Amino acid sequence: MHVTNPILTNGRFLLRLAESKADFDRVLALRQRAFRSGKGPAGPGTDADEFDARCRHIFVEDRATGMVAATFRLQFFDSGAGIGRSYAAGFYDLAALEGYDRPMAEFGRFCLAPGHGDPDLLRLVWSALAALTVGQGVAMAFGCTSFLGTDAAPYGDALAHLGADHGPPQKWRPGVIAPEVVAFAARAPAAGLDKAKAMQQMPPLLRSYLAMGAWVSDHAVIDRDLGTIHVFTALEAVSIPPRRLRALLDLAGRAGPMAVWPDQGKTARSDLETGGCL
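Caption draft 1: Representation of the pattern of salt bridges in the model. What the rule picks out here adds up to 18 salt bridges. A salt bridge links D47 to R31, with the nearest nitrogen and oxygen atoms 2.9 Å apart. Of the two residues, D47 sits in the loop between α1 (21-35) and β3 (56-62) while R31 sits in helix α1, which places them 16 residues apart along the sequence. Both residues of the pair, D47 and R31, count as buried. In this structure, D157 and K197 form a salt bridge, with 3.8 Å as the shortest nitrogen-oxygen distance. Within this pair, whereas D157 is found in helix α3 (residues 156-165), its partner K197 is found in helix α4 (residues 195-201), the two being separated by 40 residues in sequence. Linked by salt bridges that have partners in common, R31, R36, D47, D49, D52, R73, R109 and D225 make up one network.

Here it is, written out as structure tokens:
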């Protein structure tokens, strides 16, 4: 399928698909800065991996500066039968989702450039994802959502809240395969759960997921490679509140058509010259 740019625009920002090696190099530079340049176990180095060649890479440009303000990647599956090829399957036993019989998409490696927490930028990203989910037949979006650091102690209320109020449907519950995990059932604070504090501890991306009706695994994985703690997160299109969905689709409609996305039910393959979803 031929893909044209841009995908969406919204005032200061332009969201488009990485179609060339030069585009991907710009995406990778931000990913390396976000995931590999800091202190800690991740250390310096490249963030490219074997999943990159299977994904569509989307980035947001700041029109004023030309800088890459945000990026993420998407991997598509005809159904749950292919979920074993996902990035998340390396950390969670997703066998229960193999019987999911509708198209799925894995959302990963989302990151923002420093100083680019603009709400308009985040709305643009979510509008693109909403249009993809509804307009292209993707019934479930999923991925691994990260907390900074590998110490679970600062996130006690957040993890307890996830376990108490956002657990997975039993029929799709991800199993444990990672060597280091944090079970939410054991995280309830002795003084009781403070939900306001829990939401403050949540990464912004996860807060957005939960506001749209997402569910998470019953445990988190400690990822020593990236120096994070992450949770499997899934969002079904039917769970998104109608008012919120209408607002996101309205923004996508004003910003531009979404016909650039891969055909419904087809697994997208990268057109990038270089190979290498969280």
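Caption draft 2: Broad picture of helix α5 (residues 204-211). Looking only at α5, the buried set comprises L205, L206, Y209 and L210. Seen along its axis, α5 keeps its buried residues to an arc of 135°; they face one direction. Just downstream of α5 lies G213, where phi reads positive at about 100°.

Caption draft 3: The packing of aromatic side chains, seen in detail. Scanning all chains against the criterion turns up 13 aromatic pairs. Between the aromatic rings of Y100 and W172, the centroid separation amounts to 5.3 Å while the plane-to-plane angle is 70°, which identifies the pairing as edge-to-face. A residue pair is termed long-range when its members are at least 10 positions apart, and Y100 in the loop between β5 (92-93) and β6 (104-112) and W172 in the loop between α3 and β8 (175-176) qualify at 72 residues. Assessed through its relative accessible area of 7%, Y100 is described here as buried. Accessibility expressed as a relative area gives 13% for W172, which makes it buried. An aromatic cluster is defined as three or more aromatic residues linked by ring pairs; in this entry it consists of F72, F107, F110, W126 and Y209. Of note, R109 hangs over the ring of F35, and the distance from its end group to the ring centre comes to 5.2 Å.

Rules and cut-offs
- Residues numbered from 1 in each chain as written.
- Predicted model: local features only at pLDDT ≥ 70, side-chain atom pairs only at ≥ 80, totals over all residues.
- Heavy atoms only, no water.
- Salt bridge = Lys/Arg side-chain N within 4 Å of Asp/Glu carboxyl O.
- Helix = DSSP H or I, 4+ residues; strand = E, 2+ residues; numbered from the N terminus.
- Buried < 20%, exposed > 50% of the residue type's maximum accessible area, 1.4 Å probe, protein only.
- Arc of directions from axis to C-beta.
- Phe/Tyr/Trp six-rings, centres within 6.5 Å; stacked < 30°, edge-to-face > 60°.
- Lys NZ or Arg CZ within 6 Å of the ring centre and 35° of its normal.

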